[in-house]
Amino acid sequence: MKKIQMVDLKGQYEGIKDVVNPSIQNVIENTAFINGPKVHEFQKNLEDYLGVKHVIPCANGTDALQIAMMGLGLKPGDEVITADFTFAATVEVIALLGLTPVLVDVNEDDFNINIEAIKKAITSKTKAIVPVHLFGQCADMDAIMAIAEEHNLFVIEDNAQAIGANYTYKNGNKTKAGTIGHVSATSFFPSKNLGCYGDGGAIFTNDDELAHTIRGIVNHGMYERYHHDVVGVNSRLDSIQAAVLDAKLPHLNAYNNARRTAARKYNTAFAGKENIITPKTVNGCEGICNTCDCHVFHQYTLKIKNVDRDSLVKHLNEQGIPCGVYYPIPLHLQKAYADERYNEADFEVTNQLVKEVISLPMHTELDDEQIEFITQTILKFIHG
């Protein structure tokens, strides 16, 4: 059996190196390393794939979130509501800009931001909502956009984990994750479903004026060289990373399908097993239906009930099975983001999830032998 990886980037590279290598070499030979033709080609191709008017590449996903908020003109003291159960980058940029993070609880089944918790958190200072499309599927954007319209709020989608996922509106129409809110941010960190070979990110929007503002912000506030019209930053996707991403983009649907296939096999192995709760899709399907397009399984995350989760993690690592706990500490309990306004009773789901979740290896190169070994090792540990 091949060595099990949490993410097998080398195996993925082997399948596409005949495209990736010449693409990188072309950038090296034309020496247009910053804002070169390959960046613009990738930008256009990603716009076409997503069906969005504007993709603005930038240096990384954290920058993408910060720049999106800067582009909206949010001011210090403005409150921004987001999920307590996510990676710190989401709340980090809110704090860095002098905005006020307002953390709320998530859903038990799909791990996404809870709609009733959003409603409860809105005050006269609330200016934006940041739904995080966690682990590969969208939050309830119908409800979130309705709340935003009612209260005149911006919606900034954190789409770092769900690129390529489809969102099905309540009226049956479909659109890509990251194209629904006023603006969206994504990451191209190497382990993402669409990842480069370094750091990278992008902002998406259908708003022409906002796109123009953001294009200035990512380039020191310049639209014309040495003319600084807005306060900006230095955050550009380099051409080599764009070359990698453009080579991988045509494979994204296949990569996401491979992840769904692996997730179905995991679900089948764990079906009906006491103490193991498998991921559920937002469309309410039993398991992962054969036409599933709502979940791209950036992570495959189980909930382990009435079992010492940390002992299971230790056992899997001892057996050569990497795994992750995303996330072990709620953001509201992190020293940097603690706030006396928070009431522990408002984070019942998050406080429970951090004790139960475990994410298993999930990538495009997982094979049946590896999945069999992973699942049997878990089942033997839990059931003996």
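Engineer: Which residues make up the pairing of strand E4 (residues 126-130), and what are the values?
Structural biologist: On any regular strand, side chains alternate: one points to one face of the sheet, the next to the other face. For E4, the tally of buried residues reaches 4 of 5 residues, placing the bulk of the element in the interior. As defined by bridge partners, strand E2 (residues 79-83) adjoins E4 across 4 bridges and the pair is classed as parallel. The residue bridging Val80 from the neighbouring strand is Ala128, located in E4. Strand direction decides the pairing type here: E4 and strand E5 (residues 154-158), joined by 2 bridges, are parallel.

Engineer: Please set out the side chain of Lys192 residue by residue, giving values where relevant.
Structural biologist: Mapped onto the elements of the fold, Lys192 is located in the loop between strand E8 (183-187) and strand E9 (201-205). Of the side chains bearing the opposite charge, Asp158 lies closest to the buried Lys192, which forms no salt bridge; the N-O distance is 7.2 Å.

Engineer: Kindly report on the state of the cysteines, identifying the contributing residues and their values.
Structural biologist: Scanning the model with the defined rule gives 0 disulfides in all. The cysteine Cys138 is free of any disulfide, with Cys294 supplying the nearest cysteine sulfur at 8.7 Å. On the basis of relative accessibility, which here comes to 2%, the residue Cys138 falls in the buried class.

Engineer: Break down the environment of Tyr226 for me, with residues and values.
Structural biologist: Within the element layout of this structure, Tyr226 appears in the loop between strand E10 (222-224) and strand E11 (227-228). Residue class for Tyr226 comes out exposed when judged on its relative accessible area of 63%. Polar contacts involving the side chain of Tyr226 include one to the side chain of Arg225, which spans 3.3 Å.

Engineer: Describe empty space enclosed by the protein, and please don't skip the residues or the numbers.
Structural biologist: Scanning the entire structure with this criterion turns up 2 cavities of 30 Å³ or more. Of the voids in this model, the largest cavity is the one considered here, and its volume is about 70 Å³. Looking at the largest cavity, the residues that line it are Val7, Asp8, Leu9, Gln12, Pro190, Ser191, Lys192, Asn193, Lys248, Arg259, His363 and Thr364. Looking at the lining of the largest cavity, its residues break down into 3 nonpolar, 5 polar and 4 charged. Here the second largest cavity is characterised by a volume of approximately 50 Å³.

Engineer: I'd love a proper account of the packing of helix H9 (residues 252-270) against helix H12 (residues 368-383), names of residues and values included.
Structural biologist: Axis separation between H9 and H12 bottoms out at 10 Å; the angle between their running directions is 35°. Handedness of the crossing formed by H9 with H12: right-handed. On H12, the residues that touch Ala262, Lys265, Tyr266, Ala269 and Phe270 of H9 are Asp368, Ile371, Ile374, Thr375, Ile378 and Leu379. Class assignment for the residues of the contact of H9 with H12 results in 8 nonpolar, 1 polar and 2 charged.

Engineer: Describe the sheet that holds E2, naming the residues involved and giving the relevant values.
Structural biologist: Strand order across the open sheet formed by 7 strands is E1-E9-E8-E5-E4-E2-E3, with mixed pairing between neighbours. Either end of the sheet is taken by a strand with one partner, and the two such strands are strand E1 (54-58) and strand E3 (100-104). The sheet shows a mean angle of 25° between the axes of neighbouring strands, taken without regard to direction. Relative to E8, E5 runs parallel, the two being bridged by 3 bridges. Within E8, the residue paired with Glu157 across the bridge is Ser184.

Quick notes on the rules
- Residues numbered from 1 in each chain as written.
- Predicted model: local features only at pLDDT ≥ 70, side-chain atom pairs only at ≥ 80, totals over all residues.
- Heavy atoms only, no water.
- Buried < 20%, exposed > 50% of the residue type's maximum accessible area, 1.4 Å probe, protein only.
- Helix = DSSP H or I, 4+ residues; strand = E, 2+ residues; numbered from the N terminus.
- Pairing = 2+ DSSP bridges.
- Lys, Arg positive; Asp, Glu negative; His and termini not counted.
- Salt bridge = Lys/Arg side-chain N within 4 Å of Asp/Glu carboxyl O.
- Disulfide = S-S within 2.5 Å.
- Polar contact = N/O pair within 3.5 Å; in protein donor to acceptor, adjacent residues only side chain to side chain.
- 1 Å grid on protein atoms, 1.4 Å probe; cavity = no way out; pocket = protein on both sides within 12 Å on 5 of 7 lines; lining within 4 Å.
- Points joined across faces, edges and corners; volume = space filled by probe spheres on them.
- Nonpolar A, V, L, I, M, F, W, Y, C, P; charged D, E, K, R; others polar.
- Axes fitted to C-alpha atoms, helices over the stretch in contact; angles between N-to-C directions.
- Left-handed = near helix turned anticlockwise from the far one by under 90°.
- Contact = heavy atoms within 4.5 Å.

Purely geometric numbers; function is a separate question.
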